[in-house]
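Here are the chains, one letter per residue:
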Amino acid sequence: MHEQNLIKNLIDKIQELASDEPGRPIGVRLRLGALAHMSAAHLREHFDREILGTSLEGIKLEIDELKDINHKEAQDVILESLKFEEIDGH
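Small disclaimer: the values here were computed from a predicted structure and weren't measured.

**Student:** Would you mind going over the pattern of salt bridges with me for this structure?
**Tutor:** When charged atoms on two side chains of opposite charge get close, those side chains can pair. Under the criterion given, the structure shown has 8 salt bridges. Measuring nitrogen to oxygen at the nearest pair gives 2.8 Å for the salt bridge that ties Glu-73 to Arg-31. With Glu-73 in the loop between strand 2 (60-65) and strand 3 (77-84) and Arg-31 in strand 1 (residues 25-32), this pair connects stretches of sequence that are 42 residues apart. The network of salt bridges with shared partners includes Arg-29, Lys-60, Glu-62 and Asp-64.

So, in structure tokens, the structure goes:
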């Protein structure tokens, strides 16, 4: 349940940020802390399931995994960046 809420919040944030951009989002990069409560594979599975039928369906997900358990973001999932399709003139 915790993972599902985290993913839904993440998707809501991506959609909110994307609404201010002229192009469609085509890529998202996340940073996954070493002590986060899910693996990269598990995060990807939940993410892929939650974006089905949304404007984010088909977006490329990249996950950078932190290995340092002492890193200040070791327990976090961070939205690192979004990539948008290029629009002529922008």
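**Student:** What is the right way to read the side chain of Arg-31 from this model?
**Tutor:** Under the relative-accessibility criterion, Arg-31 is labelled buried at 18%. A polar side-chain atom of Arg-31 sits 2.8 Å from a polar atom in the side chain of Glu-73. Apart from the residues lying within four places of it in its own chain, the contact partners of Arg-31 are Asp-64, Leu-66, Glu-73, Asp-76, Val-77, Ile-78 and Glu-80.

**Student:** Help me understand the nonpolar core, please; the structure alone is not making it clear to me.
**Tutor:** Most often, soluble globular proteins keep nonpolar side chains buried together rather than apart. Core analysis: the largest hydrophobic core is formed by 17 residues, its most contacted members being Val-28, Leu-43, Phe-47 and Leu-61. Of all the elements in the fold, those that place two or more residues in this core are helix 1 (2-18), strand 1, helix 2 (40-51) and strand 2. Those residues within four positions of Phe-47 in sequence are excluded, and the remaining contacts are Ile-7, Leu-10, Ile-11, Ile-14, Val-28, Ile-59 and Leu-61.

Definitions and limits used
Residues numbered from 1 in each chain as written. Predicted model: local features only at pLDDT ≥ 70, side-chain atom pairs only at ≥ 80, totals over all residues. Heavy atoms only, no water. Salt bridge = Lys/Arg side-chain N within 4 Å of Asp/Glu carboxyl O. Helix = DSSP H or I, 4+ residues; strand = E, 2+ residues; numbered from the N terminus. Buried < 20%, exposed > 50% of the residue type's maximum accessible area, 1.4 Å probe, protein only. Polar contact = N/O pair within 3.5 Å; in protein donor to acceptor, adjacent residues only side chain to side chain. Contact = heavy atoms within 4.5 Å. Core = buried A, V, L, I, M, F, W, Y, C linked by side-chain atoms within 4.5 Å.

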